Amino acid sequence: NAGVTQTPKFRILKIGQSMTLQCAQDMNHNYMYWYRQDPGMGLKLIYYSVGAGITDKGEVPNGYNVSRSTTEDFPLRLELAAPSQTSVYFCASSYDPHQQYFGPGTRLTVT
Amino acid sequence: GESVGLHLPTLSVQEGDNSIINCAYSNSASDYFIWYKQESGKGPQFIIDIRSNMDKRQGQRVTVLLNKTVKHLSLQIAATQPGDSAVYFCAENLNYGGSQGNLIFGKGTKLSVKP
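Note on numbering: residues in each chain are counted from 1, in written sequence order. For naming, the first written chain is A and the first written ligand is 1, with later ones following in the order written. Only residues with pLDDT of 70 or above have their local features reported here, since the model is predicted, and side-chain atom pairs are shown and tallied only from 80 upward, although totals for entire chains, interfaces and linings are computed over all residues. Hydrogens and water are ignored here; the side-chain numbers use all heavy atoms of the structure.

1. Observations concerning the interface of chain A and chain B
Reasoning step 1: In what follows, residue pairs with any heavy atoms lying within 4.5 Å of each other are defined as contacts. At the interface, 20 residues of chain A touch 23 residues of chain B.
Reasoning step 2: Buried area is calculated as the accessible area (1.4 Å probe) missing from two parts once they are joined, with the contributions of both summed. Carbon and sulfur atoms supply 55% of the area that chain A and chain B bury against each other, a total of about 1,700 Å² over both sides.
Reasoning step 3: In what follows, salt bridge is the name for a side-chain nitrogen of Lys or Arg lying within 4 Å of a carboxyl oxygen of Asp or Glu. Summed over the shared surface of chain A and chain B, the result is 0 salt bridges.
Reasoning step 4: The term polar contact refers here to a pair of N or O atoms within 3.5 Å; inside protein, the definition further demands a hydrogen-donor-capable atom paired with an acceptor-capable atom, and it admits residues adjacent in sequence only when both atoms are side-chain atoms. Here chain A is connected to chain B by 2 residue pairs in polar contact (both at pLDDT 80 or more).
Reasoning step 5: Each helix corresponds to a stretch of at least 4 residues labelled H or I by DSSP, and each strand to a stretch of at least 2 residues labelled E; elements are numbered beginning at the N terminus. Elements supplying a minimum of two residues to the side of chain A that touches chain B: strand 4 (31–37) and strand 5 (43–51) of chain A.

In structure tokens, the structure reads:
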């Protein structure tokens, strides 16, 4: 199993640009999550999904959108990039909400 | 505000010694507490969890203790090895209002193991 994969690994965006961070898992997990991690900080939940077709907001959803059309994929969309969105983004999936498996992360810089 | 916090941001231990990483929480409604390990440049990795109705749980070289009276959680690592060097996060699961798996992470403690 590849586990949780994320693309791209790194990205630099200009203010106002849009992009989609891709996340896929091959473990047939129902739960999937998007977090952001700012330097020296813990992870903050952006959005999560309990199954295909079902998504819900986490702690910091503003400026982001998600969709979950399949069990495997959970893309995160940034519509109008802002410097405050500079961060490392982690996708995770789980069968049990407590034992989440994380991807390697996407390092995003908005300038 | 953030309900999960840590007493010490950094911890340095000698290889072979035991390590204790502490965490305070403030939400009595949390029903699960989890410890994650994050190595440099990688995503967090699940270590161990404990339900709110337990006081202690042991894994391989790790023990988690939960003191609900003072809302304190600790992770003990026995015979600390260089491979244990990482940032350790505690997280709590706020299981209310149907928010399943909504983990709240603390800021993390950086563990450095001296050879």
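Still to come is the rest of the account.
2. Things to note about the environment of Gln 100 of chain A
All names here are of chain A.
Reasoning step 1: Relative to the helices and strands, Gln 100 is located in the loop between strand 9 (87–94) and strand 10 (101–102).
Reasoning step 2: Expressed as a C-alpha distance, the spacing of Gln 100 and Tyr 31, which sit 69 residues apart in the sequence, is 8.6 Å.
Reasoning step 3: At 2.8 Å, the side chain of Gln 100 and the side chain of Tyr 35 are in polar contact.

3. Considerations on the environment of Pro 39 of chain A
Reasoning step 1: Residue position: Pro 39 of chain A is located in the loop between strand 4 and strand 5.
Reasoning step 2: As a C-alpha pair, Pro 39 of chain A and Thr 86 of chain A span 47 residues in sequence and 9.8 Å in three-dimensional space.

4. Considering the pairing of strand 4 of chain A
Residues and elements named next belong to chain A.
Reasoning step 1: By the criterion of burial, strand 4 is predominantly enclosed, with 7 of the 7 residues buried.
Reasoning step 2: A two-sided burial pattern is seen for strand 4, the buried positions comprising Tyr 31, Tyr 33, Tyr 35 and Gln 37 on one face and Met 32, Trp 34 and Arg 36 on the other.
Reasoning step 3: Two strands pair when backbone bridges link them, and strand 4 and strand 9 are joined in this way by 7 bridges, in the antiparallel orientation. By the bridge assignment, Tyr 33 is partnered in strand 9 with Ala 92.
Reasoning step 4: The loop that links strand 4 with its antiparallel partner strand 5 comprises 5 residues; one of these, Gly 40, has a positive phi angle of about 70°. For the exposure calls, accessible area comes from a 1.4 Å probe over protein chains only, and a residue counts as buried if that area is under 20% of its type's maximum, exposed if over 50%, partly exposed in between. At least two DSSP bridges between two strands are required for those strands to pair.

5. Examining the packing of aromatic side chains
The description of an aromatic ring pair uses the distance of the two centres, along with the angle that the planes make with each other.
Reasoning step 1: Stacked, tilted and edge-to-face are the three classes assigned to paired rings of Phe, Tyr and Trp, where Trp is represented by its six-membered ring and a pair needs centres within 6.5 Å; plane angles under 30 degrees give stacked, over 60 edge-to-face, the rest tilted. Within the structure shown, the criterion is met by 12 aromatic pairs over all chains.
Reasoning step 2: Ring centres of Tyr 36 of chain B and Phe 105 of chain B lie 5.5 Å apart, and the angle between their planes is 45°; this geometry places the pair in the tilted category. A residue pair is termed long-range when its members are at least 10 positions apart, and Tyr 36 of chain B in strand 4 (residues 30–38) and Phe 105 of chain B in strand 10 (residues 103–105) qualify at 69 residues.
Reasoning step 3: Where Phe 89 of chain B meets Phe 105 of chain B, the ring centres are 6.4 Å apart and the plane angle is 80°; that geometry is what we call edge-to-face. You can see Phe 89 of chain B sitting in strand 9 (residues 86–94) and its partner Phe 105 of chain B sitting in strand 10, a full 16 residues away along the chain.
Reasoning step 4: Look at Phe 89 of chain B and you get buried, because its relative accessible area is 1%.
Reasoning step 5: Through successive ring pairs, a cluster of aromatic residues spans Tyr 31, Tyr 33, Tyr 35, Phe 90 and Phe 102 of chain A together with Tyr 36, Phe 46, Phe 89 and Phe 105 of chain B.
Reasoning step 6: In this structure, Arg 68 of chain A packs its charged tip against the face of Phe 74 of chain A, placed 5.9 Å from the ring centre. A ring has a charge above it when a Lys NZ or an Arg CZ is no more than 6 Å from the ring centre and no more than 35 degrees off the ring normal.

6. Observations concerning the state of the cysteines
Residues and elements named next belong to chain A.
Reasoning step 1: Here, two cysteine sulfur atoms that lie within 2.5 Å of each other are counted as a disulfide. Applying the stated criterion across every chain yields a total of 2 disulfides over all chains.
Reasoning step 2: Between the sulfur of Cys 23 and that of Cys 91 lies a disulfide, 1.8 Å long from S to S. Measuring handedness by torsion sign, the sulfur bridge of Cys 23 and Cys 91 sits at about -70° and is left-handed. Of this pair, Cys 23 sits in strand 3 (residues 19–25) while Cys 91 is found in strand 9, placing the two residues 68 residues apart along the sequence. Like Cys 91, Cys 23 is buried.

7. Let's talk about the side chain of Ser 87 of chain A
Reasoning step 1: With respect to the helices and strands, the residue Ser 87 of chain A is situated in strand 9.
Reasoning step 2: Ignoring any residue separated from it by four or fewer positions in sequence, one finds Ser 87 of chain A in contact with Arg 36, Gln 37, Asp 38, Thr 106, Arg 107 and Leu 108 of chain A.

8. So, the sheet that holds strand 7 (residues 64–66) of chain A
Within a sheet, neighbouring strands are paired by backbone hydrogen bonds and run either parallel or antiparallel to one another.
Residues and elements named next belong to chain A.
Reasoning step 1: What the 4 strands build is an open sheet, ordered 1-3-8-7; its pairing is antiparallel. A strand with exactly one partner marks an edge of an open sheet, and here the two such strands are strand 1 (4–7) and strand 7. Across this sheet, the average inter-strand angle for adjacent strands is 20°, counted without regard to direction.
Reasoning step 2: Bridge analysis of strand 3 against strand 8 (residues 76–78) gives 3 bridges, and the strand direction is antiparallel. The axes are straight lines fitted to the C-alpha atoms, using for helices just the contacting stretch, and the angles between their N-to-C directions are given from 0 to 180°.

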